[in-house]
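Structure at a glance
Now for the letters of each chain:
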Amino acid sequence: MIPPLSALQAFEAVARRRSIRAFLPTPVERETVLRILDLAARAPSGSNIQPWKVHAIAGEARAALSADLLAAHEAGEPEVPEYPYYPESWREPYLGRRRAVGWALYGSIGIGKGDRQRMARQHGRNWLFFGAPVGLFFCIDRELGKGAWRELGLFLQN
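So, how was this worked out
Residues numbered from 1 in each chain as written. Predicted model: local features only at pLDDT ≥ 70, side-chain atom pairs only at ≥ 80, totals over all residues. Heavy atoms only, no water. Salt bridge = Lys/Arg side-chain N within 4 Å of Asp/Glu carboxyl O. Buried < 20%, exposed > 50% of the residue type's maximum accessible area, 1.4 Å probe, protein only. Helix = DSSP H or I, 4+ residues; strand = E, 2+ residues; numbered from the N terminus. Phe/Tyr/Trp six-rings, centres within 6.5 Å; stacked < 30°, edge-to-face > 60°.

For the structure shown, the criterion picks out six salt bridges. Residue Arg42 pairs with Asp38 through a salt bridge whose shortest N-O separation is 3.7 Å. Residue Arg42 is classed as exposed on the basis of its relative accessible area of 59%. Exposure remark for Asp38: the relative accessible area of 35% places this residue in the partly exposed category. Linking Glu82 and Arg142 is a salt bridge whose minimum nitrogen-to-oxygen distance equals 2.5 Å. Here Glu82, found in the loop between helix H3 (59–74) and helix H4 (94–108), pairs with Arg142, found in the loop between strand S2 (134–139) and helix H6 (146–157); they are 60 residues apart in sequence, far enough to count as distant. With a relative accessible area of 56%, Glu82 lands in the exposed category.

Okay, here's the thing in structure tokens:
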């Protein structure tokens, strides 16, 4: 059994959460990945439907997929999303927040505003999983409603 966290430890864990875009290539044991996913599955789920599905990829399979995806990106093949991730038009305060984080991210790695070539190269790192040795794909069934998206988000947060 996992010992309970104090309120301070829980607050600190949430406060220290951050987005990492550079990972060590150190392999991750399958058991570790399964344990993380098992803990994440403790997320609240209305009627316990647990709508998420996870596909993990590592090793040579991950490297081959990354190579194919990066080649398509570099060839200029358009990304065709299944659903719109961003709105068709932006408004405040969302536009300002998006711009601020983008400028901060690119500025932190020496990419200036308007440097489209280096921005595209940085964007290509998405297809390399930013060097992470394991890639995870999270899915839900198309016919499920908006609540399933919320529950997937809770699972991801865990």
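Still to come is the rest of the account.
Looking now at the environment of Glu29. Position of Glu29 among the secondary structure elements: in the loop between helix H1 (7–15) and helix H2 (30–40). Distance in space between the C-alpha atoms of Glu29 and Lys53 is 20 Å, their sequence separation being 24 residues.

Our focus in this paragraph is the packing of aromatic side chains. Across all of its chains, the model carries six aromatic pairs by this definition. Summarising the aromatic geometry, the rings of Trp52 and Phe155 are spaced 4.5 Å apart at their centres and angled 10 degrees between planes, so their arrangement reads as stacked. Residue Trp52 is found in the loop between H2 and strand S1 (53–58), and its partner Phe155 is found in helix H6; the two are separated by 103 residues along the sequence. Accessibility classification places Trp52 together with Phe155 in one group, the buried group. A centroid spacing of 5.9 Å and a plane angle of 85 degrees characterise the contact between Phe129 and Phe137, whose relative ring orientation is edge-to-face. Each residue in the set Trp52, Phe138 and Phe155 is aromatic and connected to the rest through ring pairs, giving one cluster.

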